[in-house]
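# Structural characterization, general
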Amino acid sequence: MALSLSRKFLSLEDQEKVRKDFYNAKKMINVLGLGYKKIDICVNDCFLYYDEQSKNLTACLVCGESHYEPRNMVAIRQKNIPRKSLWYLPITPRLQRLYMSRKTAEHMTWHLKCCEDMDEVIHLAGSEAWKHFDETHLTFAEEPRNVRLGLCIDGFNPFGYSATPYSCWPVFLTMYNLPPKLCMKSEHIFLAMIIAGPKNPGKNIDVMLRPLIDELNELWTNGVETYDSFRQQNFIMKAALLWTISDFPSYGMLSRWSTHGKLSCPYCMENTKAFQLQYGRKTSFFDCHRQFLSPRHPFRRDKKKFYLNRVEKSPPPPPQRLDGTLMEERVNQLPDIVFGQPLHKHSIAGFGVFHNWVKRSIFWELPYWKDLLIHHNLSIMHCEKNFFDNIKNTVMDDKGCTKDNANARLNLQLYCNRSELELIPQDNGTTIKPNATYVLTREQRALIC
């Protein structure tokens, strides 16, 4: 309908370029090989009706839930309607089409010469992680047209924040072969998958990522014959996923190291010095930074300005991030866990005490995953926004959002030597919270607002 109406306002020449309706537009896209696959999934997110054998199943092999919605007895010929589905968009044909354009094909090798004779890192090709990957996989690096990818994932409510809670999770792939001005443009960011709600996939996200991981494995192992229109020759194009980018909760979903609790730091792991606050029961990383100081630094012996009556005695160096080989050894020791039965909680022995592993991540099925220096990255946008919001709310003394609340002052009395900030009890049973030096007065807030 919308396409038909829009054609009326176009010239005769432009009308020939616009299809009459959505069906014909979709038909044209399919001819180009840019279609999508609709894959049914168990309503509990524990099983994917992915291959030819499982497509005809009527119930989930894990939890036993029905594959289809209950059939209407009146409509006997009603088509089976799956209870839940996801949409997968294959990336191989779209990567091949990048080399069908002469300009884009030329830019796909820009990363090879971008960092020559430059002191500053202007592209990810100059990073330590990129260089380490090239040194480890020389055969892959010898062909500059091989594609380096980054995976981005986050959830959102497509109906707006005021609507019924609903969480939809798109999965994007970014190509790092292109120059910075091109690789971050929307036309070069591929939508690989749409995971429908109403809830986030959580621990079962590995089930949804199965089609993507299988295709990435195929692109790494065998590659695909591709025509390079710039050099006018065929070559075997391969691809590798260098890392993922997400916020901290999604970090835990992808890495399978839980980002909740005292062991939430995926770098410190069991060597963390985080603790749980007595008031508010939140995890605090206060005073975890002194271990990075030199052994004779005076701050290590200071008992008043940091954690009260604590001396930092940790010998250098501080806990280091495990490399991929050691990480793989730990991950391979984890038991196989299948999720999907909501009434039963799955956990590995020692969870929350000695480790925070939930299960083995599906990314370890990639042959090169153990060779990466960085597996998962935090989105700077989310970090900056969260830090700014918390600092702004605290400085502006927003009563409902400030982090400088009554619980914070009670914890301050236990762990710090800040008597001037402690709550002052009153005769009527209430307390007064003294204003901190970093809190703006009413007059100062008026000048800002």
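The structure displayed is predicted, hence computed values, not measured ones. (Residues numbered from 1 in each chain as written. Predicted model: local features only at pLDDT ≥ 70, side-chain atom pairs only at ≥ 80, totals over all residues. Heavy atoms only, no water.)

### Remarks on helix H15 (residues 406–415)
In plain terms, the rule: With a 1.4 Å probe rolled over the protein chains alone, any residue whose accessible area is under 20% of its type maximum counts as buried; one over 50% counts as exposed, and the rest are partly exposed. Numbering of helices and strands runs from the N terminus; a helix is a DSSP stretch of H or I covering at least four residues, while a strand is a stretch of E covering at least two. Taking the helix axis as origin, the arc is that swept by the directions to the C-beta atoms. A contact between two residues is defined here by any heavy atoms of the two lying within 4.5 Å. A 3.5 Å cut-off defines polar contacts: any pair of N or O atoms within that distance qualifies, except that in protein one atom must be a possible hydrogen donor and the other a possible acceptor, and neighbouring residues in sequence count only when both atoms are side-chain atoms.
Burial in H15 covers these residues: Arg409, Asn411, Leu412 and Tyr415. End-on, the buried residues of H15 take up no more than an arc of 160°, which puts them together on one face. Among the structural elements, strand S10 (275–276) are those in contact with the buried residues of H15. Where H15 begins, one side-chain oxygen reaches toward the backbone nitrogen of Asn407, 3.3 Å away; that side chain belongs to Asn405.

### Structural notes on the layout of surface pockets
One water molecule sets the probe size; rolling that probe over the atoms shows where empty space is left. Stated precisely, the cut-off is as follows: Throughout, the protein atoms alone are placed on a 1 Å grid, and a set of points is a cavity if a 1.4 Å probe fits but cannot get out or a pocket if it is open with protein on both sides within 12 Å along at least five of seven lines; lining residues have an atom within 4 Å of a point. Grid points are joined across faces, edges and corners, and a volume is the space filled by probe spheres set on the points. Put simply, Ala, Val, Leu, Ile, Met, Phe, Trp, Tyr, Cys and Pro go in the nonpolar bin, Asp, Glu, Lys and Arg in the charged bin, and everything else, Gly too, in the polar bin.
Considering only enclosed or pocket space, the largest pocket measures out at about 1900 Å³ in volume. If you go around the largest pocket, you meet 50 residues; those closest to its centre are Leu277, Thr283, Ser284, Phe285 and Lys403. When contributions to the lining of the largest pocket are tallied by element, the ones reaching two or more residues are helix H12 (248–255), strand S11 (283–284), helix H14 (380–395) and H15. Tallying contributions element by element places H14 first for the lining of the largest pocket, with seven residues. Residue composition of the lining of the largest pocket, grouped by class: 23 nonpolar, 19 polar and eight charged.

### Section: the side chain of His67
Looking at the secondary structure, you find His67 in the loop between helix H4 (52–55) and strand S3 (85–88). For His67, a relative accessible area of 1% translates into the label buried. A polar atom in the side chain of His67 sits 2.7 Å from the backbone oxygen of Leu57. Apart from residues lying up to four places away in sequence, His67 is in contact with Asp40, Tyr49, Lys55, Leu57, Thr58, Ala59, Pro82 and Arg83.

### Focus: the pattern of salt bridges
As a reminder, the rule being used: Salt bridges are defined by distance alone: a side-chain nitrogen of Lys or Arg within 4 Å of a carboxyl oxygen of Asp or Glu.
Applying the stated rule across the entire model yields 18 salt bridges. Residues Arg145 and Asp228 are paired through a salt bridge, measuring 3.0 Å at the closest nitrogen-oxygen approach. With Arg145 in the loop between helix H8 (138–142) and strand S4 (147–153) and Asp228 in strand S7 (residues 224–228), this residue pair connects regions lying 83 residues apart in the sequence. With respect to burial, Arg145 and Asp228 carry one shared label: buried. Between Asp214 and Arg210 there is a salt bridge, and its shortest N-O distance comes to 3.1 Å. Here Asp214 pairs with Arg210, and both are found in helix H11 (residues 210–221), just four residues apart, close to one helical turn. Relative accessible area serves as the criterion here: at 24%, Arg210 is assigned to the partly exposed category. Through salt bridges with shared partners, a single ionic network connects Glu143, Arg145, Asp228 and Arg231.

### Structural notes on the confidence of the model for the protein chain
The predicted coordinates ought not to be read in detail in places where the model reports low pLDDT. Applicable threshold: Scored between 0 and 100, pLDDT is the confidence that the predictor attaches to each residue.
For the protein chain, per-residue confidence averages 85 on the pLDDT scale, and residues scoring 70 or more make up 90% of the total. Mean pLDDT across the elements of the protein chain ranges from a minimum in helix H1 (residues 2–7), with 54, to a maximum in H11, with 95.

### Quick notes on the sheet that holds strand S2 (residues 48–49)
Note the cut-off: DSSP-based pairing: two strands are paired if at least 2 bridges between them are found. Axes here refer to lines fitted to C-alpha atoms; in helices the fit is confined to the stretch in contact. Angles between the N-to-C directions go from 0 to 180 degrees.
Judged by pairing direction, the sheet is mixed, and its eight strands sit side by side in the order S2-S1-S3-S6-S5-S4-S9-S12 without closing on themselves. The sheet terminates laterally at S2 and strand S12 (376–378), the two strands that pair on one side only. Where S4 lies against strand S9 (residues 239–246), six bridges are found, and the strand directions are parallel. Bridge pairing in S9 places Leu149 opposite Leu241. Running at roughly 145° to S9, H11 makes contact with strand S1 (37–41), S2, S3, S4, strand S5 (169–175), strand S6 (189–195) and S9 of the sheet. Lying over the sheet, H12 contacts S4, S5, S9 and S12, oriented at roughly 175° with respect to S12.

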